[in-house]
Amino acid sequence: QVRLVESGGGLVQAGGSLRVSCAASGLAFRRFGMGWFRQAPGKEREFVSSISGTGVYTYYQDAVKGRFTISRDNAENTLYLQMNSLKPEDTAVYYCAATLGGVGTRTDTNYNYWGQGTQVTVSS
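Residues numbered from 1 in each chain as written. Predicted model: local features only at pLDDT ≥ 70, side-chain atom pairs only at ≥ 80, totals over all residues. Heavy atoms only, no water.

The subject of this paragraph is the nonpolar core. Counting residues in hydrophobic clusters, the biggest one holds 28 residues, and the most contacted among them are Met34, Trp36, Phe68, Leu79, Leu81, Met83 and Tyr94. Only strand 3 (18–25), strand 4 (33–39), strand 5 (46–51), strand 7 (68–73), strand 8 (78–83), strand 9 (92–99) and strand 11 (118–123) provide two or more residues apiece to this core. Beyond its immediate chain neighbours, meaning those up to four positions away, Leu79 contacts Val20, Ser21, Cys22, Phe29, Met34, Gly35, Trp36, Ile51, Ile70, Ser71, Arg72 and Cys96. (Core = buried A, V, L, I, M, F, W, Y, C linked by side-chain atoms within 4.5 Å. Buried < 20%, exposed > 50% of the residue type's maximum accessible area, 1.4 Å probe, protein only. Helix = DSSP H or I, 4+ residues; strand = E, 2+ residues; numbered from the N terminus. Contact = heavy atoms within 4.5 Å.)

Before going further, it helps to examine unusual backbone geometry. The phi dihedral of Asn77 falls on the positive side, at around 55 degrees, and the residue is not glycine. Structurally, Asn77 is set in the loop between strand 7 and strand 8. Given a relative accessible area of 24%, Asn77 falls into the partly exposed group. Phi is positive for Ser85, close to 50 degrees, though the residue is something other than glycine.

This part takes up the environment of Lys65. Checked against the element boundaries, Lys65 lands in the loop between strand 6 (58–60) and strand 7. The exposure class of Lys65 is partly exposed, given its relative accessible area of 48%. Lys65 sits 52 residues away from Gln13 along the chain, and the two C-alpha atoms are 19 Å apart. Looking at Lys65, its side chain comes within polar contact range of the side chain of Asp62, at 3.3 Å. (Polar contact = N/O pair within 3.5 Å; in protein donor to acceptor, adjacent residues only side chain to side chain.)

Let's shift gears to the sheet that holds strand 8. If you walk across this open sheet you meet the 4 strands as 1-3-8-7, and the pairing is antiparallel. Either end of the sheet is taken by a strand with one partner, and the two such strands are strand 1 (3–7) and strand 7. Taking each pair of neighbouring strands and ignoring which way they run, the sheet shows an average axis angle of 15 degrees. For strand 1 and strand 3, the ladder comprises 5 bridges, and the chain directions are antiparallel. The residue bridging Ser7 from the neighbouring strand is Ser21, located in strand 3. (Pairing = 2+ DSSP bridges. Axes fitted to C-alpha atoms, helices over the stretch in contact; angles between N-to-C directions.)

Below you can see the structure in the form of structure tokens.
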């Protein structure tokens with residue numbers, strides 16, 4: 001059974017940093033591209049960032065480029081999202097997701113497995 005479990009969310013002031021993690025089990029982790037999505041109250045879920053199985057290729061939403069860094073540890077089956085210079089508009093539930101397809105596309109329908117999400121709240 002595939003499980004993706006996010007952790008590391010919380011409350012932070014604007015300008016601060018957080019690192020969220022996603023522990024994966026039940027899948028050949030290095031074969032899967034991984035992504036981070038987020039959903040704010042009253043808004044649709046949106047793409048944040050993605051990374052290929054080897055970690056060579058990464059993609060970011062324009063609004064987070066230069067502030068967020070996606071990475072993965074294939075030995076530990078863990079995905080990370082380092083978030084710096086956080087803004088109130090980054091407030092959302094952050095989800096990790098896994099795909100056997102390419103990570104260049106940014107649509108959530110491309111992803112096969114999802115975690116339950118972790119709340120990130122940025123206060124002004």
